[in-house]
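# Observations on chain architecture
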Amino acid sequence: DVKVTQSSRYLVKRTGEKVFLECVQDMDHENMFWYRQDPGLGLRLIYFSYDVKMKEKGDIPEGYSVSREKKERFSLILESASTNQTSMYLCASCITSTDTQYFGPGTRLTVL
Amino acid sequence: AQTVTQSQPEMSVQEAETVTLSCTYDTSESDYYLFWYKQPPSRQMILVIRQEAYKQQNATENRFSVNFQKAAKSFSLKISDSQLGDAAMYFCAYNPRGGSNYKLTFGKGTLLTVNP
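By convention here, each chain's residues receive numbers from 1 onward along its written sequence. Key to labels: chains lettered from A, ligands numbered from 1, both in the order written. Per-residue local features of the predicted model are confined to residues with pLDDT of at least 70, and side-chain atom pairs are confined, for both listing and counting, to 80 or more; whole-chain, interface and lining totals are unaffected and use all residues. Hydrogen atoms and water are omitted, and side-chain values are computed over all heavy atoms in the structure.

## Some thoughts on the state of the cysteines
The line we're drawing: Cysteine sulfur atoms that pair up within 2.5 Å are treated as a disulfide. For the purposes of this entry, the term helix denotes a DSSP run of H or I that reaches at least four residues, the term strand denotes a run of E that reaches at least two, and both are numbered from the N terminus. Categorising residues by exposure relies on relative accessible area from a 1.4 Å probe, with only protein chains included: less than 20% of the type maximum marks a residue as buried, more than 50% marks it as exposed, and the intermediate range marks it as partly exposed.
In the structure shown here, the tally under the stated rule is 2 disulfides over all chains. Shown here is the disulfide that connects Cys23(A) with Cys91(A), its sulfur atoms set 1.8 Å apart. Here Cys23(A) and Cys91(A) share a disulfide; its torsion about the S-S bond, -75°, makes the bridge left-handed. Of this pair, Cys23(A) sits in strand β3 (residues 19-25) while Cys91(A) sits in strand β9 (residues 87-94); the two residues are 68 residues apart in sequence, bridging distant segments of the chain. Both residues of the pair, Cys23(A) and Cys91(A), count as buried. Each disulfide pairs two cysteine sulfurs, and for Cys23(B) the partner residue is Cys92(B), the sulfurs being separated by 2.0 Å. Here the S-S torsion is close to -70°, and the disulfide linking Cys23(B) with Cys92(B) is therefore left-handed. You can see Cys23(B) sitting in the loop between β3 (19-21) and β4 (24-26) and its partner Cys92(B) sitting in strand β10 (residues 88-96), a full 69 residues away along the chain. We note that Cys23(B), like Cys92(B), is buried. Of the cysteine sulfurs around Cys94(A), a residue in no disulfide, the closest is that of Cys91(A), at 11 Å. Residue classification places Cys94(A) among the buried positions, given a relative accessible area of 0%.

The following block contains the structure:
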């Protein structure tokens, strides 16, 4: 079975802190994604990566950056956390762009 | 831009009954994929069913089936013999085939409650 893991289930940070969310997949998938999930808004794509060191902006990239130094790991970085970044963050991966995406358990981030 | 609309924010069904969740989408593409994902409370999102637009036959997976109406751009999910474990948030999603667009576009979700 495909396994996608995220570094933390719950995270509490203060405004202005630099925050790292990590995602690891064990199936050699080319594509990895970071989504933000908010009630009533569904899932919104922040960034995605289709290869090592390659990244593309999604629909809401402002305030975020990403890093993919190794194929299995995709990190989401909040350079200076703000309260409006309090949300559930989901990581996903897939083989090709139109295949099933496999999701991690999510990180619920609270920024105080 | 593609959009996916789930018009029912919440639905409820009695155990063992059938329920249909609605999804419509807007696209100018002729070839694409459609998905239903399920997110149980505090658990990981998983794929329920996947439909390829060029296949006319509706996809089925055990108690889950879809009614894909390409001309109407409609993609509803039918859950038969509902079980307590079907209670979850359900998301409809769209992905065009080919090109450089890697993005899934999700609807806002339908929260399904199953009553015993």
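So much for the structure itself; the text now carries on.
## Overview of the interface of chain A and chain B
The following threshold applies: Contacts are assigned to residue pairs with any non-hydrogen atoms lying within 4.5 Å of each other. Note on terms: buried area is the combined drop in 1.4 Å-probe accessible area of two parts once they are placed together, counting the loss on both. Salt bridge, as used here, is a side-chain nitrogen of Lys or Arg placed within 4 Å of a carboxyl oxygen of Asp or Glu. As used in this structure description, the phrase polar contact means that two N or O atoms lie within 3.5 Å; if the pair is within protein, one of them must be able to donate a hydrogen and the other to accept it, and residues adjacent in sequence are counted only when both atoms belong to side chains.
Contact residues are listed per partner, giving 23 residues for chain A and 20 residues for chain B. When the buried area of chain A at its contact with chain B is split by residue, Ser97(A), Thr98(A) and Phe103(A) rank highest and sum to 30% of it. Taken together, the links from chain A to chain B amount to 1 salt bridge. Among the ionic pairs, Arg50(B) bridges to Asp99(A), the shortest N-O distance being 3.7 Å. Where chain A touches chain B, the interface holds 3 residue pairs in polar contact (both at pLDDT 80 or more). Elements with a minimum of two residues in the side of chain A that touches chain B: β4 (31-38) and β5 (42-51) of chain A.

Interpretation in functional terms is not warranted from these geometric data alone.
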